[in-house]
Amino acid sequence: LAKHPEIKALMKPDYNLIWVVVLMVLAQLTAFYLVKDLDWKWVVFWAYVFGSCISHSMTLAIHEISHNSAFGNGKAMWNRWFGIFANLPLGLPYSISFKRYHMDHHRYLGGDGIDVDIPTNFEGWFFCTRFRKFIWIVLQPFFYAIRPLCINPKPITRLEIINLLAQLAFDVVIYYLWGVKSIFYMLAGSVLGLGLHPISGHFIAEHYMFLKGHETYSYYGPLNLLTFNVGYHNEHHDFPNIPGKSLPLVKKIAAEYYDNLPQYNSWIKVLYDFVMDDTISPYSRMKRQLKGEVKQD
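About the criteria used
- Within any chain, residue numbers begin from 1 and follow the written order of that chain's sequence.
- Totals for whole chains, interfaces and linings use all residues, but because this is a predicted model, local features are given only for residues with pLDDT of at least 70 and pairs of side-chain atoms are given and counted only at 80 or more.
- Only hydrogens and water are set aside; all other atoms, that is, all heavy atoms of the structure, feed into the side-chain values.
- Between 30 and 60 degrees the pair is tilted, below 30 it is stacked and above 60 it is edge-to-face, where a pair is any two Phe, Tyr or Trp rings, Trp via its six-membered ring, whose centres lie within 6.5 Å.
- Strands here mean DSSP runs of E at least two residues long; helices mean DSSP runs of H or I at least four residues long; both are numbered from the N terminus.
- Summary of the burial criterion: residues with accessible area below 20% of their type's maximum are buried, those above 50% are exposed, and those between are partly exposed, where the area comes from a 1.4 Å probe applied to protein chains only.
- Charge-over-ring placement is defined geometrically: NZ (Lys) or CZ (Arg) within 6 Å of the ring centre, and within 35 degrees of the ring normal.
- The term polar contact refers here to a pair of N or O atoms within 3.5 Å; inside protein, the definition further demands a hydrogen-donor-capable atom paired with an acceptor-capable atom, and it admits residues adjacent in sequence only when both atoms are side-chain atoms.
- Pairs of residues are marked as contacts when any of their non-hydrogen atoms sit within 4.5 Å.
- UniProt positions are given in the numbering used here, feature names are shortened, and annotations may be inferred rather than shown by experiment.
- What makes a salt bridge here is a side-chain nitrogen of Lys or Arg within 4 Å of a carboxyl oxygen of Asp or Glu, nothing more.
- The arc in question is the one spanned by the directions pointing from the helix axis to the C-beta atoms.
- To define axes, lines are fitted to C-alpha atoms, for helices over the stretch in contact only, and angles between the resulting N-to-C directions are given on a 0 to 180 degree scale.
- Each angle is binned into one of four classes, with values under 35 degrees roughly parallel, values over 145 roughly antiparallel, values of 65 to 115 roughly perpendicular, and all other values oblique.
- Here the term charged refers only to Asp, Glu, Lys and Arg, the term nonpolar to Ala, Val, Leu, Ile, Met, Phe, Trp, Tyr, Cys and Pro, and the term polar to all other amino acids, Gly among them.
- By nonpolar core is meant a set of buried Ala, Val, Leu, Ile, Met, Phe, Trp, Tyr and Cys residues that side-chain atoms within 4.5 Å join together.

Student: Please clarify how the packing of aromatic side chains should be interpreted in this entry.
Tutor: What characterises a pair of aromatic rings is the spacing of the ring centres plus the angle enclosed by the ring planes. Tallied over the entire structure, the rule returns 24 aromatic pairs. Taken together, a centroid distance of 4.9 Å and an interplanar angle of 35° make the contact between tyrosine 144 and phenylalanine 203 tilted. Residue tyrosine 144 is found in helix α7 (residues 140–151), and its partner phenylalanine 203 is found in helix α10 (residues 201–207); the two are separated by 59 residues along the sequence. Residue classification places phenylalanine 203 among the buried positions, given a relative accessible area of 12%. Residue placement shows lysine 75 over the ring face of tryptophan 78; its charged tip is 4.3 Å from the ring centre. The ring of tyrosine 144 carries arginine 147 above its face, with NZ or CZ at 4.9 Å from the centroid.

Following this line, the structure appears as C-alpha cells:
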C-alpha cells in the first residue's frame, strides 16, 4: 500500500455480486423444476454437469459475501442475511458457520487448532496412498463439514439456527412442490461439486505446499470466471476486503509482487498431481503454533 496507495480505491463493495447471486438462485430453481420428471440417470447427469458447477460457484459467492463484498462493511448484517439467501439452493445450511471459521483462516492462517482449513492428523495419516488420496478428494465436502467439529468446535449462534431453519423450510417447500428428484439434484450437485470436480482443484491449489517455502498459490486461468476470481489467492490474502472482481486489478497494479510467485495453470492438473505425487499428502500444509491472545468470531 505504501508503494501503490491507489489499491485502497478497490476496497469497496461489488454491488454486481447481488444480481449475480439472485440470477444463480433463479437458475437453480428453474433446474429444480426441470429435473422433477426426468429419468434418474438424467437427474444424476445434470446434477454433475450443471448443478455441481452452480453449487460450487455459489459457495464461492458465499465466500465473497462472508467478506462483506455484497453490501460493504457498514451493512454487515445485510451480508449475513444475503448469505442465508444464497445458501438456499445448496440444500444444507452453510453460510453463517462458514463465515465464522473463514475469518479465523484469514487471521490465523495455518494456526494449529484454529484454522480448520488444515486437515486433521487422521487425514494426513490415513490418506497417504494414491488410491486413498483420490478417495479423500471425493469426500472433501464431508471433511470440510466434520473437521470444524473435531478441531475447533464453537457454540451455536442465533444466526446459525436461523440459517438452519430457513434451509429446512426451503428444502421442505421444494420437496412439496417438485418431489424427491429435485431434492436429490440439489444435494447431489452440492456434494459432487465440492468433491471430484475440476473446480475443486482450488481447495488444494490454494495452500498445499507443492514447493517448499511457498504456502499460498494463485491460479489465473479461465475457471476464475465461475469462481469470483478465488484463484487470485495471494492477492486475496493480502487484501481480503477487496472483492474478487477487483483482484485482477491488484495483480496488475502491483505486478512486481505477484508475477514472479509460483502459480498454477490448471486446477485439474493440481488434482492429478496431488494424487500421483507421492511426496504430497494432506500433511503438506504449513502449521503454526499460535502465541499470544487469539480472538475468534
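Back to the text.
Student: Sorry, what's going on with the side chain of histidine 67 here?
Tutor: Mapped onto the elements of the fold, histidine 67 is located in the loop between α2 (40–66) and α3 (76–87). A polar contact of 3.4 Å, which involves the side chain of histidine 67, links it to the side chain of histidine 236. Contacts of histidine 67, omitting those with residues within four sequence positions, involve Asn73, His102, Met103, His106, His236 and Pro240.

Student: Please explain the UniProt feature "transmembrane region" (unreviewed entry) in the chain as it appears in this structure.
Tutor: Cross-referencing UniProt, the feature "transmembrane region" (unreviewed entry) maps to residues 17–35, 42–61, 81–98, 161–178 and 184–205 in the present numbering. Between the end C-alpha atoms of residues 161–178 the distance is 26 Å, and the span holds 100% helix and 0% strand.

Student: Help me understand the pattern of salt bridges in this model?
Tutor: Side-chain pairs of opposite charge can arise whenever the charged atoms involved come near each other. What the rule picks out here adds up to 13 salt bridges. The closest approach of N and O atoms between arginine 100 and glutamate 160, which form a salt bridge, is 2.8 Å. Here the residue arginine 100 occupies a position in helix α4 (residues 95–107), and glutamate 160 occupies one in helix α8 (residues 158–178), the gap between them amounting to 60 residues. For glutamate 160, a relative accessible area of 13% gives the class buried. When salt bridges with common partners are traced through the structure, they connect Asp104, Arg107 and Lys154 into a single cluster.

Student: Got a minute to help me understand helix α6 (residues 130–138) in this structure?
Tutor: The α-helix winds at 3.6 residues per turn, so residues separated by three or four positions along the chain end up facing the same way. Those residues of α6 that fall on the buried side of the exposure criterion are Lys133, Trp136 and Ile137. The buried residues of α6 occupy an angular sector of 100° when projected down its axis, which confines them to one face. Taken together, the buried residues of α6 touch α5 (121–126), α7, α10 and α14 (267–276).

Student: Please clarify how the packing of α6 against α7 should be interpreted in this entry.
Tutor: Packed helices, taken two at a time, are described by their axes: the angle between them and the distance between them. Taken N-terminus to C-terminus, the directions of α6 and α7 make an angle of 70°; their axes are 4 Å apart at the nearest point. Considering their axes alone, α6 and α7 lie roughly perpendicular with respect to each other. On the side of α6, the interface is formed by Trp136, Ile137 and Val138, while α7 contributes Gln140, Pro141, Phe143 and Arg147. Taken together, the residues of the contact of α6 with α7 sort by class into five nonpolar, one polar and one charged.

Student: Just checking my understanding: could you explain the side chain of serine 284 for this structure?
Tutor: Tracing the sequence through the fold places serine 284 in the segment after α14. When sequence neighbours within four positions are dropped, the list of residues in contact with serine 284 reads His207, Tyr208, Met209 and Thr279.

Student: Quick question: what am I supposed to make of the UniProt feature "domain: Fatty acid desaturase" (unreviewed entry) in the chain here?
Tutor: The sites that carry the UniProt feature "domain: Fatty acid desaturase" (unreviewed entry) are, in the present numbering, residues 41–263. Its end C-alpha atoms 38 Å apart, residues 41–263 is made of 61% helix and 1% strand.

Student: Could you clarify how one ought to interpret the nonpolar core in this entry?
Tutor: General note: in soluble globular proteins, nonpolar side chains tend to be found buried as a group. With 36 residues, the main nonpolar core has Val21, Met58, Trp136 and Ile204 as its most contacted residues. Residue assignment for this core shows that the elements contributing at least two residues are α1 (16–35), α2, α3, α6, α10 and α14. Those residues in contact with tryptophan 136 that sit more than four places away from it in its chain are Pro119, Glu123, Phe127, Phe143, Arg147, Ile204, Tyr208, Phe274 and Pro282. Of all hydrophobic cores here, the second largest spans 12 residues; its members include Leu88, Ile174, Tyr185 and Ala188.

Student: How should I be thinking about the environment of serine 218 in this particular structure?
Tutor: Mapped onto the elements, serine 218 comes out in strand β1 (residues 218–219). Placed 119 residues apart in sequence, serine 218 and lysine 99 show a C-alpha to C-alpha distance of 22 Å. Sequence-distant contacts of serine 218, defined by excluding residues within four places in its chain, comprise Gly231, Tyr232, His233, Asn234, Glu235, Pro262, Gln263 and Tyr264. Within the structure, serine 218 has its side chain in polar contact with the backbone nitrogen of histidine 233 (distance 3.0 Å). One polar contact links serine 218 to glutamate 235, side chain to side chain, over a distance of 2.9 Å.

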